[in-house]
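# Results of the structural survey
Spelled out from the first residue to the last, the chains are:
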Amino acid sequence: MRKFLFVFVLTLFAFSDHSFAQNRPMTLNDLMSMRTLRNASISDNGVWMGYDTWPDRGNGEAVVKEIAGRRSYTIPNGEKPVFSTDAAFAGVTVRPDVIAVENASKPADRPKAGMVYFPTSTGVMTTLADVKSFQFTGNSKYILVWYNAGKAGSGWRKTIGSTLEIRSLGSESIRTIPFVSAFQADSLGSVVFLALADSSGKGNALIRYKIADGTVDTLHAAPFARYDRLTWNESTSSLAFLSAQEDADQAVEESQLFVFSNTLSEIEPAFSGRYVPFRNTLSWSDRGELLFFGVKPEAEKPVMKPKRDEWSTTNFTDTEFIRADRGLDVWHGEDPLIKPHEIKTATQRRNRTFMSVWHRAGNRTVALADSSLASVSVPKNTRFALGTSNSDYQREISWFGNQSDISVVDLQSGSRRRILTRHSGSAQLSPTGVWVVYFRDGHWHATNSATGVSRNLTQSISTSFANEDHDTPGSASGYGIAGWLDNEARVLIYDKFDIWAFDPSSGTSANLTRTGRRDKLQYRVRITTDKPTISVSQPLLLTGYHDLKKTTGFYELRFERPSLTLLLDESKKLNFIAKAKNADVVLYTRESYNEFPDLWSSDSKFKTKVKRTDVNPIMKELAWGQSQLVEWSSMDGIPVQGVLITPGGWKPGTKLPVIVYFYELFSQRLHEYNALAVNHRPSFPYYASNGYAIFLPDVRYDLGQPGYSSTKYIVPGVQKLIDLGIADPARIGIHGHSWSGYQAAHIITQTNLFAAAIVGAPVSNMTSAYNGIRWGTGLARQFQYEQQQSRIGKTMWEARDLYIENSPVFFADRIKTPTLIMFGDEDDAVPWYQGIELYLAMRRLNKDVIFLQYHGEPHHPQRYANKMDYTIRMKEYFDHYLKGAPAAEWIRKGEAYSGN
């Protein structure tokens, strides 16, 4: 075992900024007001950056600021700042006031979002209300603003469009076009294509509007026609779109596919028995040679159900007429999908289309997908696509999870070659489609798309490319593909630590980073361009995560030697955000437990590092606490790591109340800023600020023993804290939710170490949960136990004893820990009756138990009132059992049903 340097007197106070004894404790109001930074962006010229910050509860703001200058603009309630191509203008969506939204009696009454735009040179803002969307044109001369539809006038149709404004960015010129139902600007911003749907339906048309002079060309027009999916291709200056004719109910289904390239052409699929539905997706290949679109079989065309007759003396006792009003689902043992899954996926199947492709050369169409190969992905090349089908394995989803056959589809002929069967992972086409690369049976493979010849790329390498931390019954996955080098000469693939380059033609390989495994650094590529391949003539930005120290650094990889250079390592967690398209300016964040991930800017060599934001200055006022890495050994003698968060102002020698919070591996959180929010988890800084230590231990699992595994990792870790004089042995609590809720419930059947336990959404009885349903997906839960997280690895009939042994409810008589159970009674992941089973067992055994049932809530409570209530009750529960605070009334006596 590695020697652990736990010099807590020195190291626990080697941090400065936010841990002074005089700093005040955090309140719930502080927790609600702490902001997160989102949607960071950088202008193409690297001069400006934008972002928005929002508290957990309340209004936020967007900020557009000069990176190296002094100009800065704040937009109340703003989000998602974007820049014109030349960065002369910025636009920001403005959300409605949160209180106005909350006070709306129904969703239709909620105020709509608006937007502002302004020149970055002056910040003089133009504010617009009720905006659906906006975009700058590619030439930076105009902004297109599309408004929400207003209330329809008397006699107006429900399918009318809404107003689009073309606003000049260099003058006060505004052109208004009514009844726009869809639009698409060309890449240069010289024209905009507009689908029109007017109040009568008689003026519906698709037009080309030349922005410079307002000239209008009608490309297609028909009374009651609808137009959608306007899709532009820059390389060929072509627009693809769909047109459909409304029926008497203003509904559309079958459509026509058109391409406009100077002239208008209808694309008619050359295969019978299928049609082009209006609900569709269109996609061009990069150079416009191919247009991908979806078709459906005629047999799947929707059929209107006849209206039911009223009851009468002739049908009132008619058995078939009576049965027509039944509510019934028939579950058959041979059904491909169990009924809940079939119902959940019914809309997806009803709306699915089968991909086809139009070839500009030869003006021909090719069918790529059908019911036997339903899913074909849009490729980035013009030669091959990948198709997947799980039709042969649908019944087995319940116990094996998803499996598919993978086929290569020839875009010229539509012919297919199946290259994988029963594949549970992913497969990736190379940018030109020549190769398919996939991970299977512990190795990476490459298959030539044209010939079908496969090569095992990693079989001669002693290094494992399978997930080395894998501890579930299913097959281990690989670490992923980093990208392809120019001309597809090599594909970059990760092992746990290093980046390897493989030539799929010859099978030759090279470890590009070489020292990752030796130094315990996990190198990963950070792509800074939008090019499909990685240039070997340019340095490549990497992050390096230290697997033991939990720190992140930036590195530069050059291919010619190859060579690796450290650019930045500050014993923090670093995240690359963006690089300016046309300038050597990079945005990144730096964070630790007590440092918010503010934005920093630098050059690509990280020589000129400057902090650019200070989103939460209030942190300096709070007794935030600090984090420390802890090491110990499991009951099996295996080295383990975890994170200890100690309170702000804590003095060594003072024993602390400790809350153990965990899931699986948590030591990576050592340098992670804990995002502050009111939810189902204990906020680490909130508890640390109020005198608690938080312990985040790693847990690894033995198959068949998921319950005991957590015990043998966590209990020795807690004992380590006791032995060091940090944890008060009489004041230790445990908290878990979902998977860790189960583990916490199981641990308290095996030890009396904990003074209190809070278990959210736990499985308490594996024998009943095994045959339960995940209602959010409609999937049976069996595959979780046989293949995935629940880690039994066998059916209940093969290992009945393990299902019982790992079920807390069967050992509830051993529980001596006061326990608080929480469930939403519409939990869509864990059946909430699992909480009832544990509650009833403990209640029958006269144990100290309380059950919180939140009405109408899924797996994680969503309504803010419920999240706040649970946050307060968690704190009151731990304050009572771990700090000796007087018990709240609900802890002492419960709460009588109020009828609300």
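Look up: the structure comes first, before these words.
How each quantity is defined
Residues numbered from 1 in each chain as written. Predicted model: local features only at pLDDT ≥ 70, side-chain atom pairs only at ≥ 80, totals over all residues. Heavy atoms only, no water. Pairing = 2+ DSSP bridges. Helix = DSSP H or I, 4+ residues; strand = E, 2+ residues; numbered from the N terminus. Buried < 20%, exposed > 50% of the residue type's maximum accessible area, 1.4 Å probe, protein only. Polar contact = N/O pair within 3.5 Å; in protein donor to acceptor, adjacent residues only side chain to side chain. Contact = heavy atoms within 4.5 Å. Phe/Tyr/Trp six-rings, centres within 6.5 Å; stacked < 30°, edge-to-face > 60°. Lys NZ or Arg CZ within 6 Å of the ring centre and 35° of its normal.

## Regarding the sheet that holds strand β26 (residues 384–389)
- Here four strands make up an open sheet; going across it, the order is β25-β26-β27-β28 and the pairing antiparallel. Two strands lie at the open edges of the sheet, namely β25 (375–376) and β28 (416–423), each paired on one side alone.
- Sheet topology places β26 next to strand β27 (residues 404–410); six bridges connect them, and they run antiparallel. Residue pairing for β27: Phe384 is matched across the bridge by Asp410.

## A word on the side chain of Thr159
- The topology assignment puts Thr159 in the loop between β10 (142–147) and β11 (162–168).
- Of the residues examined, Thr159 reaches a relative accessible area of 17% and is grouped as buried.
- For Thr159, the side chain forms a polar contact with the side chain of Glu246, separated by 3.0 Å.
- The residues touching Thr159, leaving out its near neighbours within four places in the chain, are Ala197, Arg226, Glu246 and Gln250.

## Things to note about the pairing of strand β12 (residues 174–185)
- Where β11 and β12 come together, five bridges link them in antiparallel fashion. Looking at β12, one finds that Leu164 is bridged to Ile177.
- Counting the residues in the hairpin turn of β11 and β12 gives five residues.
- Both β12 and strand β13 (residues 191–196) contribute to a ladder of five bridges, which runs antiparallel. Counterpart to Val180 in the pairing with β13 is Leu196.
- A loop of five residues connects β12 with β13, the two strands running antiparallel in sequence, and Gly189 in this loop sits at a positive phi of about 85°.

## As for the packing of aromatic side chains
- In this structure the tally under the stated criterion is 38 aromatic pairs.
- Measuring from ring centre to ring centre gives 5.7 Å for Phe554 and Tyr588, while their planes differ by 85°; the resulting arrangement is edge-to-face. Residue Phe554 is found in strand β39 (residues 552–558), and its partner Tyr588 is found in strand β41 (residues 586–592); the two are separated by 34 residues along the sequence.
- A residue is classified by how much of its surface remains accessible, and Tyr588, at 0% relative accessible area, is buried.
- Look at Tyr687 and Tyr692: their rings are 5.3 Å apart centre to centre, the planes differ by 65°, and that puts the pair in the edge-to-face class.
- Exposure remark for Tyr687: the relative accessible area of 2% places this residue in the buried category.
- Judged by relative accessible area, which is 0%, Tyr692 ranks as buried.
- Every member of this aromatic cluster is reached through a ring pair, and the members are Phe554, Tyr588, Trp600 and Phe606.
- Across from the ring centre of Trp146, 3.9 Å away, lies the NZ or CZ of Lys132, which sits over that ring.
- The positively charged end of Arg274 is found above the aromatic ring belonging to Phe271, 5.7 Å away from the centroid.

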